[in-house]
Amino acid sequence: MSDTLVIARLALQEAVRRRVLTVVGVLTIASGALYLVGCITLRHHLEGLAQFKRGGQLEPLVPATLLGLASFGTLFLGSVLAVFLAAGAVKGDVDRGLVQPLVVRPVGRGVYLAGRALAAMTVSGGFVLVVSGAATITTRALFSSLPPKAWTVIPPLIVAVLVVTMLTLLVSSLLSTVATGISVLMAYGAGLIAGLLGEIARAFSAHTLSDIANTVSYLLPFEALYRDALQRLSPGGSLGQLVQLGPLGGAQGGGVGLWIYTLFYLCGCAALAVWAFRRSDL
Amino acid sequence: MVHAAGLTKSYKRSVALRGVDIDVSAGEVVGLLGPNGAGKSTLTKVLCGLVRADGGSASIAGAPAGSSLARSKVGYLAELFRFPGWATAQEVLVTHQRLARRPTAGGDADERNRLLAEVGLSQAGSTRVEAMSKGMQQRLGLAQAMVGDPEVLLLDEPTSALDPAGRHTVREVLSRARDRGTAVLLNTHLLGEVEQLADRVVLIDAGRVVAAGAISDLTAGHGVTIETDQGRVEHPHVPRDTIPALVSDLVADGRQVYAVIPHRSTLEELYLELVGDREAHR
């Protein structure tokens, strides 16, 4: 077993023994049940409205909106999970004396970080995959159609959560556990708010606000990935415009450039985290 | 086996090491003594790669201290350490066996059982760390440091939480390690332990080596008591190397010399003479 896998296994074992995964599983099932109840209730209420029936003018809007809601919830919960899994990975565990016996072994500090990142990303990414998949299946089962690219929403959401995970690891190599958790979650909120402000700015042609939103998207690309995911759900035409101005953040495709930028961003965060960890005296 | 020359290290507001030289040979136990804040733990951490020295050089078995090769030859017990509370003693050792990359004769399970028996934890293999007393965790820490029979043992206060029986066990374990040819650097406040175990002593104060050598050499003080046919006479200020001449003079004067008893100081007296009660004045 490689050193990275040994460290990752250790972190995953902790998540299992400390019942983190059990709690996440139970609450995820509860959330899924809530989503199911919401979908059933909504379908019941919409059955009498002609424009929402098969072939109706607003038919595509309902599953798209529901999946948009599910995407927001999944991203939020996945990000919270990532932050709690990774917030104490470096400085926090160093302060507790857990890291020193491990990195004195011929394990590079980069390998230690890779192991912690692998464990946190596996759990948080896996969570998004399962929850998004379940939401899409539920929506498809209860409504007659899905947005054409509904399944392609999942990859950007997974990568968005991986970005949050890597960001948390980077901050955790600089700050204590609590400070890391608070700062990343606040950055997460700021990113989503910036996305909303960007949509408002574009609607009113407020260029400065738009520039600020774009800059935040570069600094925190999980927000751009979320908007890219929403874009994949958006129906075309005027309905699409309606969804884009919805309350959960504007839809905007990122294209290939977003993926390339995100890849470099992830690598940059990892390199910075390793650099900071290697420089620190333990 | 362990060699350091001119090591310097400063933290933001304090100088921890001011040009420390130290050597530990294979099959030798060297006691590292000094008051709190003298630089002992920093020196140990530099040698095992947890802290980067500002200047000087250090090597472990010929490899630069802190390098992967050097760390592969070191067993380290930190002063403040913690193992995951959810893990059992066996699981802690399994992790370290995997990371140590040192093949063991007789298999990993045999080694784990042997180590646990050596430190008196043979009945606690399946006990979780969080259910162990501090003393048991300290014993487990020592077993962890011994994983893979390292060529060098760097031990920072290995008996700080142990009762007299535990200290006796540690002394036995370290004696056996020395007999196997392991170089042991023992950082401790317990002078009695050093007197019983160490071949040599290095006394550090304020980041400098203030005394180093075999305990018998360091504690050989001034003065001698000579018993002749005219009774016992004390010569408190006679240097050790002039005692033979003094005895010759007495014999030449026709005295009958029955006993020559050189005065010796204890390690504690030497410590207090060289270091004093610095801690109280910090």
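Residues numbered from 1 in each chain as written. Chains lettered and ligands numbered in written order. Predicted model: local features only at pLDDT ≥ 70, side-chain atom pairs only at ≥ 80, totals over all residues. Heavy atoms only, no water.

**A look at the interface of chain A and chain B**
Much of the literature gives interface size as the accessible area that the parts lose upon coming together.
Consideration 1: Every contact between the two is made by 28 residues of chain A and, on the other side, 34 residues of chain B.
Consideration 2: Both sides of the chain A and chain B interface together cover about 2,700 Å² of buried area, and 53% of this is carbon and sulfur.
Consideration 3: When the buried surface of chain A facing chain B is broken down by residue, Val104, Arg105 and Pro106 of chain A rank first, second and third, together holding 28% of it.
Consideration 4: The interface formed by chain A and chain B includes 3 salt bridges.
Consideration 5: The interface formed by chain A and chain B contains 15 residue pairs in polar contact (both at pLDDT 80 or more).
Consideration 6: Going through the elements one at a time, α1 (3–17), α5 (100–103) and α12 (255–279) of chain A are the ones with two or more residues in the side of chain A that touches chain B.
Consideration 7: If you tally residues by element for the side of chain A that touches chain B, the top one is α1 of chain A, at 8 residues.
Consideration 8: Along the lines of polarity and charge, the residues of the side of chain A that touches chain B split into 12 nonpolar, 5 polar and 11 charged. (Contact = heavy atoms within 4.5 Å. Buried area = accessible area lost by both parts, 1.4 Å probe. Salt bridge = Lys/Arg side-chain N within 4 Å of Asp/Glu carboxyl O. Polar contact = N/O pair within 3.5 Å; in protein donor to acceptor, adjacent residues only side chain to side chain. Helix = DSSP H or I, 4+ residues; strand = E, 2+ residues; numbered from the N terminus. Nonpolar A, V, L, I, M, F, W, Y, C, P; charged D, E, K, R; others polar.)

**Concerning the side chain of Ser210 of chain A**
Consideration 1: With respect to the helices, strands and loops of the structure, Ser210 of chain A is situated in helix α9 (residues 207–219).
Consideration 2: If we skip the residues at most four places from it in the chain, Ser210 of chain A touches Ala201 and Arg202 of chain A.

**Description of the packing of helix α3 (residues 61–86) of chain A against helix α10 (residues 221–233) of chain A**
All names here are of chain A.
Consideration 1: Relative to each other, α3 and α10 sit at 160°, their axes nearing to 9 Å. Here α3 is positioned roughly antiparallel relative to α10, judged by the angle of their axes. With respect to the hand of their crossing, α3 and α10 are arranged in right-handed fashion. Of α10, the residues touching α3 (which contributes Ala64, Leu67, Gly68, Ser71, Phe72 and Leu75) are Tyr226, Leu230 and Leu233. (Axes fitted to C-alpha atoms, helices over the stretch in contact; angles between N-to-C directions. Parallel < 35°, antiparallel > 145°, perpendicular 65-115°, else oblique. Left-handed = near helix turned anticlockwise from the far one by under 90°.)

**Section: the packing of aromatic side chains**
Consideration 1: Counted under the stated rule, the structure contains 7 aromatic pairs over all chains.
Consideration 2: Here Tyr188 of chain A and Phe222 of chain A contribute two aromatic rings whose centre-to-centre distance is 5.2 Å and whose plane-to-plane angle is 15°, an arrangement assigned as stacked. Of this pair, Tyr188 of chain A sits in helix α8 (residues 177–203) while Phe222 of chain A is found in helix α10, placing the two residues 34 residues apart along the sequence. Like Tyr188 of chain A, the residue Phe222 of chain A is buried in the burial classification.
Consideration 3: Aromatic side chains Tyr261 of chain A and Tyr265 of chain A sit 6.1 Å apart centroid to centroid with 40° between the ring planes, which places their arrangement in the tilted category. Of this pair, Tyr261 of chain A and Tyr265 of chain A both sit in helix α12, 4 residues apart, which is roughly one turn of that helix.
Consideration 4: For Tyr265 of chain A, a relative accessible area of 13% gives the class buried.
Consideration 5: The structure contains a cluster of three or more aromatic residues connected by ring pairs, namely Phe76, Tyr188 and Phe222 of chain A.
Consideration 6: In this arrangement the basic side chain of Arg109 of chain A is found over the ring face of Phe277 of chain A, its NZ or CZ atom lying 5.5 Å from the centre.
Consideration 7: One Lys or Arg, Lys134 of chain B, reaches over the ring of Phe81 of chain B and ends 5.2 Å from the middle of that ring. (Phe/Tyr/Trp six-rings, centres within 6.5 Å; stacked < 30°, edge-to-face > 60°. Buried < 20%, exposed > 50% of the residue type's maximum accessible area, 1.4 Å probe, protein only. Lys NZ or Arg CZ within 6 Å of the ring centre and 35° of its normal.)

**Here's the deal with the pairing of strand β1 (residues 2–10) of chain B**
Residue and element names in this part refer to chain B.
Consideration 1: Bridge analysis of β1 against strand β4 (residues 55–60) gives 5 bridges, and the strand direction is antiparallel. The residue bridging Ala5 from the neighbouring strand is Ser57, located in β4.
Consideration 2: The hairpin turn running from β1 into strand β2 (residues 15–24), its antiparallel successor, is 4 residues long. (Pairing = 2+ DSSP bridges.)

**Details of the state of the cysteines**
Consideration 1: In this structure the tally under the stated criterion is 0 disulfides over all chains.
Consideration 2: Left without a disulfide partner, Cys269 of chain A is nearest to the cysteine sulfur of Cys267 of chain A, which lies 9.5 Å away. (Disulfide = S-S within 2.5 Å.)

**Thoughts on the packing of α1 of chain A against helix α3 (residues 89–100) of chain B**
Consideration 1: Relative orientation of the contacting elements α1 of chain A and α3 of chain B amounts to 160°, with a least axis distance of 9 Å. Judged by the angle between their axes, α1 of chain A and α3 of chain B are roughly antiparallel. Like other packed secondary-structure pairs, α1 of chain A and α3 of chain B cross with a definite hand, here left-handed. Of α3 of chain B, the residues touching α1 of chain A (which contributes Asp3, Val6, Ile7, Arg9, Leu10, Gln13 and Arg17 of chain A) are Glu91, Thr95, Arg98 and Leu99 of chain B.

**What about the sheet that holds β1 of chain B?**
All names here are of chain B.
Consideration 1: Read across the sheet, 4 strands follow the order β2-β1-β4-β5 without closing on themselves; strand pairing throughout is antiparallel. Either end of the sheet is taken by a strand with one partner, and the two such strands are β2 and β5 (63–64).
Consideration 2: Running over the sheet, helix α1 (residues 40–48) touches β1, β2 and β4 and is turned about 60° from β2.

**Side note on the domain arrangement of chain B**
Residue and element names in this part refer to chain B.
Consideration 1: Domain boundaries in chain B define domain 1 (2–213) and domain 2 (217–281).
Consideration 2: Taking the mean C-alpha position of each, domain 1 and domain 2 sit 37 Å from one another.
Consideration 3: Of the residues lining the interface, 14 residues belong to domain 1; the matching set on domain 2 comes to 9 residues.
Consideration 4: Of the roughly 1,000 Å² buried where domain 1 meets domain 2, counting both sides, 73% is carbon and sulfur surface.
Consideration 5: Seen at the junction of domain 1 and domain 2, the total is 0 salt bridges.
Consideration 6: Where domain 1 meets domain 2, there are 1 residue pair in polar contact (both at pLDDT 80 or more).
Consideration 7: Elements represented by at least two residues in the side of domain 1 that touches domain 2 include exactly α7 (191–197), β9 (200–205) and β10 (208–214). (Domains from an automatic or database assignment.)

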